Amino acid sequence: MFNRPNIPVLDGEAIVKEARAILGRRIEQPSRRRFFQRTLTLGGVALLSGCSLSDNDSVETALARISRFNDTVQGWLFDPAKLAPTYPEAMITRPFPFNAYYGEDEVRHVDEAAYRLEVTGLVADKRVWRLDQLRAMAQADQITRHICVEGWSAIGRWGGVKFSDFLHRVGADTHARYVSFKCADDYYTSIDMATALHPQTLLALTYDGQTLPPKYGFPMKLRVPTKLGYKNPKHIQVISVTNTFPGGYWEDQGYNWFGGS
Ligand SMILES: Nc1nc2c(c(=O)[nH]1)N[C@H]1C(S)=C(S)[C@@H](COP(=O)(O)O)O[C@H]1N2
Ligand SMILES: [Mo]
């Protein structure tokens with residue numbers, strides 16, 4: 001994934017290089033990828049984005065548009081039946097890393113007794129949820145790899161409610177485009193509906209068989225093994241089903257929105 005560098009004014013090579021990276025990274029078919037890598041030029045960037053590259057702002061706009069186009073392509077290429085790899089218990093990374101936009105000394109502590117999960121937007125049943133009600137639903141467990149854009153990956157074990165079960169239970173409009181999440185810190189993110197309904201997407205309540213500890217997102221996180229780490233919100237407080245593009249904490253700063261892993 002890309003962490004946008006500060007692009008010097010109209011450095012054509014840098015612009016094309018980043019545009020290629022944005023477009024090419026997630027295009028799995030080698031022929032399509034080669035096509036983009038061979039044919040993309042500065043003029044192509046302008047053409048693809050419909051922007052004239054006259055200043056830094058227009059370059060930013062062009063690259064953002066290409067990144068959104070890339071979201072669409074990733075959406076097309078996403079196979080809802082393809083499973084992320086799973087691993088044996090012996091391969092779990094211990095200790096599993098902590099990460100957030102703040103340090104571990106600032107981890108949010110959510111009080112279980114007062115906690116209520118809110119469900120809003122295009123859902124039939126907007127009742128709030130307590131943790132024990134989620135624990136009473138069928139639970140699933142999986143060992144998968146978490147990949148962070150900051151350059152590390154780790155294998156962990158999460159358990160909880162299949163998110164598709166949850167969405168069906170609340171009568172979500174599964175033809176809506178997005179599901180968004182607001183967290184107990186200032187974090188927020190959103191995913192496409194196909195990924196929300198993917199069989200491995202979990203509303204995770206446990207880590208390694210134990211109640212999810214605060215650092216890993218108590219009371220719950222969305223565990224999405226088909227997406228990069230920043231698409232896995234911890235400390236979820238509000239879940240919303242919507243057709244209005246919700247963005248995300250890192251996505252709004254330039255990380256690619258689809259964020260497939
Ligand atoms: N609420 C919240 N969720 C978050 C983040 C955050 O800062 N706040 N960081 C994301 C990023 S970038 C990563 S890599 C993972 C880290 O999860 P971990 O602490 O379980 O390793 O959480 C994701 N979800
Ligand atoms: Mo991350």
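Residues numbered from 1 in each chain as written. Chains lettered and ligands numbered in written order. Predicted model: local features only at pLDDT ≥ 70, side-chain atom pairs only at ≥ 80, totals over all residues. Heavy atoms only, no water.

### Examining the UniProt feature "domain: Oxidoreductase molybdopterin-binding" (unreviewed entry) in the protein
1) Next: UniProt annotation of "domain: Oxidoreductase molybdopterin-binding" (unreviewed entry) refers to residues 107–250 when read in the numbering used here.
2) Next: A distance of 18 Å separates the end C-alpha atoms of residues 107–250, which is 11% helix and 37% strand. (UniProt positions renumbered as here; feature names shortened; annotations may be inferred. Helix = DSSP H or I, 4+ residues; strand = E, 2+ residues; numbered from the N terminus.)

### Observations regarding the pattern of salt bridges
1) Next: Summed over the entire model, instances satisfying the criterion amount to 11 salt bridges.
2) Next: In this structure, Glu-104 engages Lys-215 in a salt bridge whose closest nitrogen and oxygen atoms are separated by 4.0 Å. On the criterion of sequence distance, the pair formed by Glu-104 in the loop between helix H4 (56–77) and strand S1 (118–121) and Lys-215 in the loop between strand S7 (210–211) and strand S8 (221–223) is long-range, its members being 111 residues apart.
3) Next: The shortest N-O distance in the salt bridge between Lys-231 and Glu-251 comes to 2.8 Å. Of this pair, Lys-231 sits in the loop between S8 and strand S9 (236–242) while Glu-251 sits in the segment after S9, and the two are 20 residues apart along the sequence. (Salt bridge = Lys/Arg side-chain N within 4 Å of Asp/Glu carboxyl O.)

### Focus: the sheet that holds strand S4 (residues 178–183)
1) Next: Spatially, the 4 strands line up as an open sheet ordered S1-S9-S4-S5, and their pairing is mixed. Where the open sheet ends on each side, the last strands, each with one partner, are S1 and strand S5 (188–192). Pairs of neighbouring strands in the sheet enclose a mean axial angle of 20°, with direction left out of account.
2) Next: Here S4 runs beside S5; their pairing, made up of 5 bridges, is antiparallel. Within S5, the position partnered with Ser-180 by the bridge is Ser-190. (Pairing = 2+ DSSP bridges. Axes fitted to C-alpha atoms, helices over the stretch in contact; angles between N-to-C directions.)

### Digging into the domain arrangement of the protein
1) Next: Under the domain assignment used here, the protein contains domain 1 (12–77) and domain 2 (89–253).
2) Next: Once you take the C-alpha centre of each, domain 1 and domain 2 turn out to be 30 Å apart. (Domains from an automatic or database assignment.)

### Here we look at the environment of Trp-257
1) Next: By the secondary structure assignment, Trp-257 is in the segment after S9.
2) Next: On the basis of relative accessible area, Trp-257 is assigned to the buried category, the value being 7%.
3) Next: Expressed as a C-alpha distance, the spacing of Trp-257 and Asp-71, which sit 186 residues apart in the sequence, is 6.4 Å.
4) Next: Once you skip the residues sitting within four places of it in the chain, Trp-257 turns out to touch Arg-68, Asp-71, Tyr-178, Ser-190, Ile-191, Asp-192, Lys-231, Phe-245, Gly-247 and Glu-251. (Buried < 20%, exposed > 50% of the residue type's maximum accessible area, 1.4 Å probe, protein only. Contact = heavy atoms within 4.5 Å.)

### Description of the nonpolar core
Among soluble globular proteins, nonpolar side chains are generally buried collectively.
1) Next: Ranked by size, the top nonpolar core spans 30 residues in total, and within it Leu-117, Phe-163, Phe-166 and Leu-203 carry the most contacts.
2) Next: Looking at this core, the elements with two or more residues in it are helix H5 (131–135), helix H6 (163–169), S4, helix H7 (193–196), strand S6 (202–207) and S9.
3) Next: Setting aside its immediate chain neighbours within four residues, Phe-163 contacts Val-179, Phe-181, Ala-196, Thr-201, Leu-202, Leu-203, Leu-222 and Ile-239.
4) Next: Counting 14 residues, the second-largest nonpolar core is a separate cluster that includes Ile-22, Leu-23, Cys-51 and Ala-62. (Core = buried A, V, L, I, M, F, W, Y, C linked by side-chain atoms within 4.5 Å.)

### Digging into the side chain of Lys-227
1) Next: Looking at the secondary structure, you find Lys-227 in the loop between S8 and S9.
2) Next: On the basis of relative accessibility, which here comes to 1%, the residue Lys-227 falls in the buried class.
3) Next: For Lys-227, the side chain forms a polar contact with the side chain of Asp-192, separated by 3.0 Å.
4) Next: Residues within four places of Lys-227 in sequence aside, it is in contact with Ile-191, Asp-192, Thr-195, Asn-232, Phe-258, Gly-259, Gly-260 and Ser-261. (Polar contact = N/O pair within 3.5 Å; in protein donor to acceptor, adjacent residues only side chain to side chain.)

### Observations regarding unusual backbone geometry
1) Next: Following Arg-94, the chain continues to Pro-95 via a peptide bond in cis, the omega torsion being -5°.
2) Next: By secondary structure assignment, the location of Pro-95 is in the loop between H4 and S1.
3) Next: Cis peptide bonds are those with omega within 30 degrees of zero, and the linkage from Phe-218 to Pro-219 qualifies with 5°.
4) Next: In this structure, Pro-219 sits in the loop between S7 and S8.
5) Next: Here the phi dihedral of Asp-208 falls at roughly 50°; this positive angle occurs in a residue that is not glycine.
6) Next: On the accessibility criterion, Asp-208 (21% relative accessible area) is partly exposed.
7) Next: Backbone geometry places His-235, a non-glycine residue, at a positive phi of 50°.
8) Next: Mapped onto the fold, His-235 is located in the loop between S8 and S9.

### A closer look at helix H3 (residues 42–49)
Each full turn of the α-helix corresponds to 3.6 residues, which orients residues three or four apart in the same direction.
1) Next: Among all positions of H3, only Gly-44, Val-45 and Ser-49 are buried. Projected onto a plane normal to the axis of H3, the buried residues spread over an arc of 120° and lie on a single side.
2) Next: Gly-50 sits one or two residues past H3 and shows a positive phi near 70°. (Arc of directions from axis to C-beta.)

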